[in-house]
Amino acid sequence: MRPAFSVIFLTTLIGVGQGMFIALFSARVFASLTGLELLDANWFYGVGSGCALLFMGAGLFASFFHLTHPGRGIYAWRRWRSSWLSREVILLPMVMVVMALSAMSHFFAWDQFFLKYSGVDLTWVLSGITVLLCILLFIATGMIYASVRFFQEWATPLTVINYLLMGLASGYTLAAVFAHTGFSSGYSLGEFLLYNALLFTVLAWASKFWALSRNRRLQPNSSMQSAIGVHHGTIRQLTRGFTASSFNVREFFHGRTPATLFWIQRLFLTFSFILPVILLLVGSWLNLIPFIYSAFVVQMLGLLLERWYFFAQARHPQNLYYQNVA
Amino acid sequence: MDKKRKKQLALVIDLNVCVGCHACVTSCKQWNTSGWAGPLTDVNPYGENPSGTFFNRVQTFEVGTYPKTDLIHFPKSCLHCEDAPCVPVCPTEASYKREEDGIVLVDYDKCIGCKYCSWSCPYGAREFDEGQKVMKKCTLCVDRIYDSNLSEQERLPACVMACPTSARVFGDINDSDSQVSQRIREHGGFQLMPEWGTKPSNHYLPRRKTVVSIQPDQLVRADNPLKIEGELSVPGKDDRSLDDYTSW
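Residues numbered from 1 in each chain as written. Chains lettered and ligands numbered in written order. Predicted model: local features only at pLDDT ≥ 70, side-chain atom pairs only at ≥ 80, totals over all residues. Heavy atoms only, no water.

**Student:** Any chance you could explain helix H1 (residues 5–34) of chain A here in plain terms?
**Tutor:** Residues separated by three or four positions in an α-helix point in the same direction, a consequence of the helix having 3.6 residues per turn. The terminal C-alpha atoms of H1 of chain A, which comprises 30 residues, lie 43 Å apart, in line with the 44 Å expected from a rise of 1.5 Å per residue. Looking one or two residues past H1 of chain A, Gly35 of chain A carries a phi angle of roughly 70°, positive in sign. (Helix = DSSP H or I, 4+ residues; strand = E, 2+ residues; numbered from the N terminus. Expected span 1.5 Å × (residues − 1).)

Next up, the structure:
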């Protein structure tokens, strides 16, 4: 089908945002388990969560360009019982609100205040809820695609796993970049975040590879025979019924050559996974911070290409009805 | 087992008699672009690269290899599936299936234009209107079939009214006595892409071969029953027969 740029940006940007928040939370768990003394912890987590929130906001902003009546989007929660899109619409603002509260609770050191009067560390509670919602949002985003059974390339649990792993990979990479921006907490947590970025990039690579090889073996569920109910081996469309353009032709055909698709696939595999791994490894061994920075930029570019390919590779059964003009 | 069956309006399209004239396409377009719901927008209709919204298309397929081919004209519109996959995915409840007659409709005032429903239709029955920026689809002419201002025989979808060969029949497929149910039953009605489990309500009737079998003895005069008894010899080809003497 034809990839929509608004959705490409929405899914990659919120993926980074959620991944980064989870990365910072895990770093905090790591710090408290290992007893690391962090001098500017509240600053670090506060600014870091705010940074994650910015990516979420940018994603939300991009999503509006996908809708032709964004003003009516306010009613998009109504089908939450059955529509994963509805569930995402509910979860995304929820994540953003709780993430903002969590960022502020660090930034303004609300934890001290609440701890004193209630005995509950508010930052842990808020960031714990945010992490939970982030994971739910990953599932909702992935399920939007995985639940459309007509796109057989998407209708697999791998879609959800890929969304989760690629979000975590880019989120950890961004968190590793963030840890190298001069925070003293960053010095203590930088290595933890960087190695996790490496781990999740490799995991995402593996699961993407798995999904790609699965899709190569895919047999279409529908055929010309079932599409028009004529059971003959040779069926050819003479005309789709119109010579002009139509929605069905624009939405479900990407119009690129197989060679373009092949090269985009090679490019995104290199940019999303191979190059970031090399850059992160070299950056950490030789302590070259620009390498770590560029790992994130390269990975983001790669993930945008990956998302483009994800949409373009998907073939819809309706295409059987639109094969010839005249 | 006295459960009352739900009404499900649908079309039955006879591929055996469809001649591919596109009268249903133009009639549908004319009716549905003129109603209170707004036009079926045509973008750039007289310029380069025109594009328009239609509820109904007639496609043509060639089956077999020349010269042993068959030409199938294939009208395609929303099939008003009994288990419509486009409905539960719509986030705003703009897409819905009517309880009372099973028609799948879009509330244009609720549609946000996310196009998710079109992804969830294997038949490509939904078309996005570039003018009103909402998703549209066949309504089974819901604004005709219940209009008491129209005479009884005109309360039919516009495509059915227009079809010159009566290839389109409209009715309740859950009423076993209806014309559509009889046609489905007696002429081998089938559904499109049954593999997806969408249970389309619209059915298609297959091509039927009209075969006349003539035996060689039918080409000569064989209508004299007496020859069977052996009382008379078989009459010559040009001899007068019973038909020439009698007016039945």
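**Student:** What is the right way to read unusual backbone geometry from this model?
**Tutor:** One can expect most non-glycine residues to show negative phi and most peptide bonds to be in trans. All names here are of chain B. Of note, the amide linkage connecting Tyr66 to Pro67 takes the cis form, showing an omega dihedral of 5°. Summarising the element assignment, Pro67 is placed in the loop between strand E4 (56–65) and strand E5 (68–77). In this structure, His22 takes a positive phi of about 70° despite not being glycine. Take His22: its relative accessible area is 24%, and that puts it in the partly exposed class. (Buried < 20%, exposed > 50% of the residue type's maximum accessible area, 1.4 Å probe, protein only.)

**Student:** I would appreciate a short explanation of the domain arrangement of chain B in the present structure.
**Tutor:** Interfaces are often described in size by the accessible area the parts lose on coming together. Annotation of chain B at the domain level lists domain 1 (9–205) and domain 2 (216–245). A straight line from the C-alpha centre of domain 1 of chain B to that of domain 2 of chain B covers 56 Å. (Domains from an automatic or database assignment.)

**Student:** What's the story with the packing of aromatic side chains in this structure? I'm lost.
**Tutor:** Two measures describe an aromatic ring pair: the distance that separates the ring centres and the angle between the ring planes. Scanning the model with the defined rule gives 36 aromatic pairs over all chains in all. Judged by centre distance (5.2 Å) and plane angle (90°), the rings of Tyr145 of chain A and Trp154 of chain A are edge-to-face. In terms of burial, Tyr145 of chain A and Trp154 of chain A fall into one category: buried. The interplanar angle of 40° and the centroid separation of 6.2 Å between the aromatic rings of Phe247 of chain A and Phe128 of chain B together place this pair among those described as tilted. Highlighted residues: Phe247 of chain A in helix H9 (residues 247–252) and Phe128 of chain B in strand E8 (residues 127–129), drawn from two different chains. Assigned by exposure class, Phe247 of chain A and Phe128 of chain B land together as buried. An aromatic cluster of at least three residues, connected via ring pairs, comprises Tyr145, Phe151, Trp154, Tyr163, Phe310 and Phe311 of chain A together with Tyr116 and Trp119 of chain B. Just above the ring of Phe54 of chain B sits the side chain of Lys29 of chain B; from NZ or CZ to the centre is 4.1 Å. Above the ring of Phe242 of chain A, the side-chain terminus of Arg57 of chain B is found at 3.9 Å from the ring centroid. (Phe/Tyr/Trp six-rings, centres within 6.5 Å; stacked < 30°, edge-to-face > 60°. Lys NZ or Arg CZ within 6 Å of the ring centre and 35° of its normal.)

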